[in-house]
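# Descriptive structure summary
The primary structure of each chain is shown beneath.
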Amino acid sequence: MADDLFKALADPTRRTILDELTERSGQTLFEICSRLSMKHQLGISRQGVSQHLAVLEAAGLVETRREGRYKFHDLNTAPLRQITERWPVPHPSGPEDSTP
């Protein structure tokens, strides 16, 4: 689980794709490519974006669904929750918790 997830998150372009899906989930490849080009000035090919989406999908961060000839990409944050559950932040013990 963690290896694919951290590999997916390590790339800045994939993080930008996740940001775009956070802002508007359910985008097609064409829409994602357009937003990356226009909003982020990323000169990346459709094939390049498609490969990044495949890595994100393998990590469980992106889910796809088909409607007719269109393929929509949706953000799935469940794998991120698994990270926070694996390494929870310890609660600081206050004076009321300590016993002499």
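As named in an unreviewed UniProt entry, the protein chain is Transcriptional regulator, taken from Streptomyces poonensis.

Turning our attention to the nonpolar core. For soluble globular proteins, the rule of thumb is that nonpolar side chains tend to be buried together. In terms of nonpolar packing, the biggest core is built from 16 residues, with Ile17, Ile32, Val49, Leu53, Leu56 and Leu61 touching the most fellow members. Per-element accounting of this core gives the leading share, four residues, to helix 3 (residues 29-40). With near-sequence residues (within four places) excluded, Ile17 lies in contact with Ile32, Leu36, Val49, His52, Leu53 and Leu56.

For the structure shown, the criterion picks out one aromatic pair. Ring centres of Tyr70 and Phe72 lie 6.4 Å apart, and the angle between their planes is 45°; on these two criteria the pair is classed as tilted. Overall, the relative accessible area of 44% leaves Tyr70 in the partly exposed class.

This structure, assessed with the given rule, holds seven salt bridges. Here Glu67 makes a salt bridge to Arg65, at a shortest N to O gap of 2.7 Å. Given a relative accessible area of 46%, Glu67 falls into the partly exposed group. Within the structure, one salt-bridge network assembled from shared partners comprises Glu20, Glu23, Arg35 and Lys39.

Before going further, it helps to examine the pairing of strand 1 (residues 62-67). One face of the sheet, then the other: side chains in a regular strand alternate in exactly this way. Note: strand 1 against strand 2 (residues 70-75), six bridges, orientation antiparallel. Bridging across to strand 2, Glu67 finds its partner in Tyr70. Hairpin connection between strand 1 and strand 2: a loop of two residues separates the two successive antiparallel strands, and Gly68 in this loop has a positive phi of roughly 65°.

Moving on, we get to the layout of surface pockets. Approximately 250 Å³ is the volume found for the largest pocket. Residue lining of the largest pocket: 13 residues in total, with Thr28, Leu29, Arg46, Lys71 and His73 positioned closest to the centre. Within the residue set of the lining of the largest pocket, elements represented by two or more residues are helix 3, helix 4 (46-58) and strand 2. Top element by residues in the lining of the largest pocket is helix 4. It accounts for five residues. Partitioned by chemical class, the residues of the lining of the largest pocket number five nonpolar, three polar and five charged.

Let's shift gears to helix 4. The terminal C-alpha atoms of helix 4, which comprises 13 residues, lie 18 Å apart, in line with the 18 Å expected from a rise of 1.5 Å per residue. Of all the positions in helix 4, only Gly48, Val49, His52, Leu53 and Leu56 are classed as buried. Along helix 4, the residues classed as buried sweep out an arc of 140° about the axis, all on the same side. With respect to the buried face of helix 4, the exposed residues turned more than 90 degrees away are Gln47 and Ala58. Following helix 4 by one or two positions, Gly60 adopts a phi angle in the positive range, close to 85°.

About the thresholds
- Residues numbered from 1 in each chain as written.
- Predicted model: local features only at pLDDT ≥ 70, side-chain atom pairs only at ≥ 80, totals over all residues.
- Heavy atoms only, no water.
- Core = buried A, V, L, I, M, F, W, Y, C linked by side-chain atoms within 4.5 Å.
- Buried < 20%, exposed > 50% of the residue type's maximum accessible area, 1.4 Å probe, protein only.
- Helix = DSSP H or I, 4+ residues; strand = E, 2+ residues; numbered from the N terminus.
- Contact = heavy atoms within 4.5 Å.
- Phe/Tyr/Trp six-rings, centres within 6.5 Å; stacked < 30°, edge-to-face > 60°.
- Salt bridge = Lys/Arg side-chain N within 4 Å of Asp/Glu carboxyl O.
- Pairing = 2+ DSSP bridges.
- 1 Å grid on protein atoms, 1.4 Å probe; cavity = no way out; pocket = protein on both sides within 12 Å on 5 of 7 lines; lining within 4 Å.
- Points joined across faces, edges and corners; volume = space filled by probe spheres on them.
- Nonpolar A, V, L, I, M, F, W, Y, C, P; charged D, E, K, R; others polar.
- Expected span 1.5 Å × (residues − 1).
- Arc of directions from axis to C-beta.

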